[in-house]
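Fold and contact review
Here are the chains, one letter per residue:
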There are 2 protein chains.
Amino acid sequence: MSRPVDAAIAAIREFLGERLTTNAGLREHHSHGQDTQPPVSPDAVAFIETSEEAGRVLAICNTHGVPVVPFGTGSSLEGHVTPVRGGISLDLSRMTQVLEVNAADMDCRVQAGVTHRTLNAHLRDQGLFFPVDPGADASIGGMCATRASGTNAVRYGTIRENVLGLTVALADGRVIRTGGRVRKSATGYDLTHLFVGSEGTLGVITEIQLRLHGIPEAASAAICQFETLGDAVETVIAVMQAGIPVARIELLDDVQMGACIAYSKLEDALPLPTLFFEFHGTEASVAEQATSAEEIAGSFGARGFRWATGQEERNKLWRARHDAYWACLALKPGHKGIATDAIVPISRLAEAILGAQDDIAASGLTAPIVGHVGDGNFHTVILVPPEPDGIARAWELDKKIVARALALGGSCSGEHGVGIGKREFLEVEHGAETLAVMRSVKTTLDPRGILNPGKIFLN
Amino acid sequence: MSRPVDAAIAAIREFLGERLTTNAGLREHHSHGQDTQPPVSPDAVAFIETSEEAGRVLAICNTHGVPVVPFGTGSSLEGHVTPVRGGISLDLSRMTQVLEVNAADMDCRVQAGVTHRTLNAHLRDQGLFFPVDPGADASIGGMCATRASGTNAVRYGTIRENVLGLTVALADGRVIRTGGRVRKSATGYDLTHLFVGSEGTLGVITEIQLRLHGIPEAASAAICQFETLGDAVETVIAVMQAGIPVARIELLDDVQMGACIAYSKLEDALPLPTLFFEFHGTEASVAEQATSAEEIAGSFGARGFRWATGQEERNKLWRARHDAYWACLALKPGHKGIATDAIVPISRLAEAILGAQDDIAASGLTAPIVGHVGDGNFHTVILVPPEPDGIARAWELDKKIVARALALGGSCSGEHGVGIGKREFLEVEHGAETLAVMRSVKTTLDPRGILNPGKIFLN
Ligand SMILES: Cc1cc2nc3c(=O)[nH]c(=O)nc-3n(C[C@H](O)[C@H](O)[C@H](O)COP(=O)(O)OP(=O)(O)OC[C@H]3O[C@@H](n4cnc5c(N)ncnc54)[C@H](O)[C@@H]3O)c2cc1C
Ligand SMILES: Cc1cc2nc3c(=O)[nH]c(=O)nc-3n(C[C@H](O)[C@H](O)[C@H](O)COP(=O)(O)OP(=O)(O)OC[C@H]3O[C@@H](n4cnc5c(N)ncnc54)[C@H](O)[C@@H]3O)c2cc1C
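Just so you know, these numbers come straight off a predicted model, no measurement behind them. Throughout this description, residue numbers start from 1 for each chain and increase along the sequence as written. Ligands are numbered from 1 and chains lettered from A, in the order in which they are written. This being a predicted model, a pLDDT of at least 70 is required before a residue's local features are given, and a value of 80 or more before pairs of side-chain atoms are given or counted; all residues contribute to the totals for chains, interfaces and linings. Based on all heavy atoms of the structure, the side-chain values leave hydrogens and waters out of the count.

1. Points about the site of ligand 1
Residue and element names in this part refer to chain A. In plain terms, the rule: Summary of the distance rule: residues count as near a molecule or strand when at least one heavy atom falls within 4 Å of that molecule or strand. Identification of polar contacts relies on pairs of N or O atoms within 3.5 Å, with a donor-acceptor requirement for protein atoms, meaning one able to donate a hydrogen and the other able to accept it, and with residues adjacent in sequence counted only if both atoms are side-chain atoms. Every helix listed is a DSSP run of H or I at least four residues long, and every strand listed is a run of E at least two residues long, numbered separately from the N terminus.
Inspection of the region around ligand 1 gives 36 residues, with Pro70, Gly72, Thr73, Ser76 and Ser139 positioned closest. Thr146 has a polar side-chain atom sitting 2.8 Å from an oxygen atom of ligand 1. The contact in question runs from an oxygen atom of ligand 1 to an N or O atom on the side chain of Asn452, over 3.2 Å. Of all the secondary-structure elements, those providing two or more residues to the shell around ligand 1 are β3 (68-71), α5 (140-146) and β10 (204-211).

As structure tokens, this is what we get:
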């Protein structure tokens, strides 16, 4: 007896040929992201290359009621890409064309599979850069879908503020364009931002019009260390309130800093609560920003405020920051890592982070803290002991940290998204009525529920 | 025979009492905005004071199928507030409470009827300001509804970038909250930005959570004048590309400058194409920005680059800019003004504006040009001759300017919105399929079509 998915696979194979595969290894690769949710393989993986192909796959799957789960690079952390109900994993990683760069307007259009590092390599010659930088080399489509951000968001905004328009294939196969090239527009509903953060549940993003930024004339990085985490957090709050336009301001707690020192061979640094700064601007304004930040940090007892203006020294510092996840894993070989994500209004940051530290201590687990603290956003990497109850203990800790953030007026995810892991918090955060409105939007755009089912909403 | 609207009015009067009025003068006041669309009076005006009252009015009107048209201050320019199908004008101007200000987090929550000037007066003591500044003293609710911006948008973003969350009464009377207090979040669909720019057609915004900004340590303004409009536009493009973080950069053409000189008694200025700048930052960075801008302007032949660092001098300059609309009207007493609005990618700005000047010349009408040119956004105020075909001629000119902007990859409105006047351009700008998706969202949230019918979409 032939299943609907077999009919869909046959129909898709007709035009994708070998780019539709049921190879076991590839199906396994598409069964999970960088998460600890139980993996589920798709029935097939479709490697598309154009918006039109996305539309055709969707139209077929919609007819047959077969789930479609978009797949960028699979770096998401909450089970986003797992095809929990089987179906087709729609892989966009071959859509790697930078379609246009308009240097004068500081914008570009890319296919969804272009990663942020590839794009930046492409742009460098033109004095431009794209600022959104999650730790993984994620696809721009995936970043749009998860409403990603990273260390630069405090200055340049998240992906949300840097997307001007989208090309989207809808569940029924129609391909639409939203937004446009202009910086702002007051015409019609903001569909662009409806798709941003929708995690593949409302449509498949195939092309993205992005804002770019000029590479700053000057940049400098700085690092400083504190006796207590509280002092470090207070410094962040004061720096933000002083209106210093920091490009980046990252907090690492003592455990995380210890891990980074060991992993990235950072010299002259101690395993203490630490802030990493980056300043962008003209030579003069960068110097001025750094001096102001140093003064503030000093008033909270910072020691060893050191600047790094050379490209190489800066890179080393930020590479260490970007490798923080791997540095954590290296702390306890054989442990998996669960990356948590929470965000609070900045005035509640000290409470949220100090509370998280208490929770970690009480749990008996190792979980370094690191955060994009200028936004009030912080993470821990919970190291999961390779024991039967290891994951359950880690998740319990994760939920405690998130619950406190929500109680402090925050959100259960600043940037990683909902996927499977955060679904249970959505009603607490948004309220049942608001969630019902989100569901009605989902039903309107995807009446048969084929797009990434089982994500964002509980059942 | 009693009409549905009479039943609705009776039911609303039960709890609003005298705040539901059928007074002819008040109905006339709610029959139009600052536009030249034919006025239509509502059957009644309801002055609400709470979110709950908004929900109750909507539930009643939904039951009876009676239109509801939200009304902020009525300063919109495209017929937005005209109740073309009668019904209730829902006036939010008495919802004037600033509900909370969180100085540490630089955010606040206001009722929808608070105007941007009132809010800024309220904030001044705390060293904070709200940057979105349309020329009129519009309500924050109305500004959200029209996706408004103004002179500061080039640096601080439009209302879109400054709204964190909303309280919205839906067509069926449910009251929901969207977004929250945090700077960013990756949890669930972005309903906040769906309501921003929806012009009262998807829900009634009753409260708004806003981002605030620190009043800069230093600010300076500058003015410089050019032989040709082309030189002024090229200066803008070069300044933006140089990454100078201008707070404001406004273009006035020779006609507009002449009008401002006469109206605002600007001394030492000539009726030439003119740029107004404002720079925000520290003392040093403001000086640096101004020097860089002066250098660039000089290379395009600017003359008379003058700085105004004193608060009073700056205010005078910017008051003149904000009074540009009235200065235009004063040029030709007895003429009405039609404010046009278009936006293009900045690389096409010279073409768009020089083309508009040709159109104006060909039309034989007077229409000064002024623009938030850092965003690629510009306006003309077309002075409508008091003759039978005056309005038709003005609209013809308006449409020509908009059509060119669209052909250059722009949008038919950068900030004023669609209302009645821009409906015909939406399909050209967004495409029929995209418009169909917008309509399906509308139907989902407002199945009976009671919310501001006849706007955004043609019939
Ligand atoms: C070491 C490490 C560090 C990280 N640091 C950060 C960080 O600092 N900030 C941050 O925000 N995230 C971070 N992440 C998480 C992750 O990188 C982001 O969520 C990223 O945006 C996912 O992109 P992706 O291409 O891998 O998407 P995937 O994981 O492939 O997909 C993510 C979700 O988006 C959907 N999707 C993917 N592509 C599309 C498309 N074209 N159209 C529609 N839906 C689509 C998928 O169905 C899925 O629901 C980190 C991850 C790791 C492993
Ligand atoms: C001299 C002058 C200069 C201007 N300059 C600018 C400028 O620089 N930039 C700019 O963007 N605009 C400008 N405008 C246009 C106008 O000020 C804006 O559109 C403003 O946002 C309208 O706000 P309002 O409170 O007057 O809204 P209204 O005119 O009362 O309503 C506008 C629309 O929003 C809806 N609405 C109002 N309140 C709500 C609510 N609480 N919930 C849901 N829907 C609601 C209404 O139904 C209507 O569709 C200018 C207008 C004038 C007269």
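2. Observations regarding the side chain of Glu207(A)
All names here are of chain A. The condition is simple: The buried label applies to any residue whose accessible area, calculated with a 1.4 Å probe on protein chains only, is under 20% of its type's maximum; exposed applies above 50%, and partly exposed to all values in between. Throughout, a residue-residue contact means that at least one pair of heavy atoms, one from each residue, lies within 4.5 Å.
Position of Glu207 among the secondary structure elements: in strand β10. Residue Glu207 is classed as buried on the basis of its relative accessible area, which comes to 13%. Polar side-chain contacts of Glu207 include one of 2.5 Å to the side chain of Arg109. Excluding its chain neighbours within four sequence positions, the residues that come into contact with Glu207 are Ser51, Leu99, Arg109, Val110, Gln111, Ala112, Gly165, Leu166 and Thr167.

3. Quick word on the nonpolar core
Worth spelling out the cut-off: Remark: nonpolar core denotes a set of buried residues (Ala, Val, Leu, Ile, Met, Phe, Trp, Tyr, Cys) joined through side-chain atoms within 4.5 Å.
Phe130(A), Ile208(A), Leu210(A), Phe130(B), Ile208(B) and Leu210(B) are the most contacted members of the largest nonpolar core, which has 140 residues in total. Apart from the residues within four sequence positions on either side, Ile208(A) is in contact with Cys108(A), Arg109(A), Val110(A), Gln111(A), Ala112(A), Ile140(A), Gly141(A), Cys144(A), Val163(A), Gly165(A) and Leu166(A).

4. Section: the environment of Arg27(A)
Residues and elements named next belong to chain A. Structurally, Arg27 can be placed in helix α2 (residues 24-29). Each C-alpha atom, one on Arg27 and one on His193, is 31 Å from the other, the two residues being 166 residues apart in sequence. Ignoring any residue separated from it by four or fewer positions in sequence, one finds Arg27 in contact with Thr22, Ser41, Pro42, Asp43, Ala44 and Val45.

5. Quick word on the side chain of Ser413(A)
Mapped onto the secondary structure, Ser413(A) falls in the loop between α15 (390-407) and α16 (426-430). Judged by its relative accessible area of 0%, Ser413(A) falls in the buried class. Reaching out from Ser413(A), the side chain makes a polar contact with the side chain of Asp341(A) at a distance of 2.6 Å. Beyond its immediate chain neighbours, meaning those up to four positions away, Ser413(A) contacts Asp341(A), Ile343(A), Lys422(A), Ser185(B), Ala186(B) and Thr187(B).

6. Observations concerning the site of ligand 2
Residue and element names in this part refer to chain B. Note the following rule: Shrake-Rupley sampling with a 1.4 Å probe provides the accessible areas, and residues are treated as covered by the protein chains on show and by no other component.
The immediate surroundings of ligand 2 are formed by 36 residues, with Pro70, Gly72, Thr73, Ser76 and Ser139 found nearest. Here an oxygen atom of ligand 2 sits 3.0 Å away from a polar atom, N or O, in the main chain of Ser149. Here an oxygen atom of ligand 2 and a backbone polar atom of Glu199 are 3.1 Å apart. Protein contacts shield 96% of the accessible area of ligand 2, which totals 970 Å² for the unbound molecule. Sorting elements by how many residues they give to the shell around ligand 2 places helix α5 (residues 140-146) first, with five residues.

7. Observations concerning the confidence of the model for chain A
Threshold: pLDDT expresses how confident the predictor is about each individual residue, on a scale running from 0 to 100.
Model confidence for chain A is summarised by a mean pLDDT of 96, while 100% of its residues fall at 70 or above. Across the predicted assembly, pTM comes out at 0.97 and ipTM at 0.97.

8. Here we look at the interface of chain B and chain A
To keep things clear, this is the line we draw: Two parts lose some accessible area (1.4 Å probe) when they are put together, and adding that loss for both gives the buried area. The salt bridge criterion pairs a side-chain nitrogen of Lys or Arg with a carboxyl oxygen of Asp or Glu, the two atoms within 4 Å.
Chain B puts 71 residues into the contact, and the matching count from chain A is 71 residues. Together chain B and chain A conceal approximately 5800 Å² of surface at their shared face, both sides included; 59% is due to carbon and sulfur atoms. Together, Lys184(B), Thr187(B) and Tyr189(B) form the three largest contributors to the area buried by chain B at its contact with chain A, with a combined 17%. Our count for the chain B to chain A interface comes out at six salt bridges. In this structure, the salt-bridge partner of Glu415(A) is Lys184(B), at a minimum N-O distance of 3.2 Å. Our enumeration of links across chain B and chain A arrives at 33 residue pairs in polar contact (both at pLDDT 80 or more). Contributing elements (two or more residues each) for the side of chain B that touches chain A: β9 (175-179), α8 (191-195), α9 (229-241), α11 (283-299), α16 (426-430) and α17 (432-445) of chain B.

9. A word on the pairing of strand β3 (residues 68-71) of chain B
Residue and element names in this part refer to chain B. Our working rule: Any two strands are treated as partners once DSSP identifies two or more bridges connecting them.
Burial along β3 is two-sided: Val68 and Pro70 and Val69 and Phe71, pointing in opposite directions, are all buried. As paired elements, β3 and strand β4 (residues 88-91) share four bridges and run parallel to each other. Opposite Val68, over in β4, you have Ile88 as the bridge partner.

10. Looking at the relation of the copies chain B and chain A
Our working rule: Superposition of the copies was done by least squares, using only C-alpha atoms of residues whose pLDDT is at least 70 in both.
The transform that puts chain B on chain A rotates by 180 degrees and translates by 0.0 Å along the axis, for an RMSD of 0.0 Å. On this basis, the relationship between the two copies can be described by a two-fold rotation axis. Taken as a fraction of all interface residues of chain B, those also at the interface in chain A reach 100%, which identifies the copy contact as same-surface.

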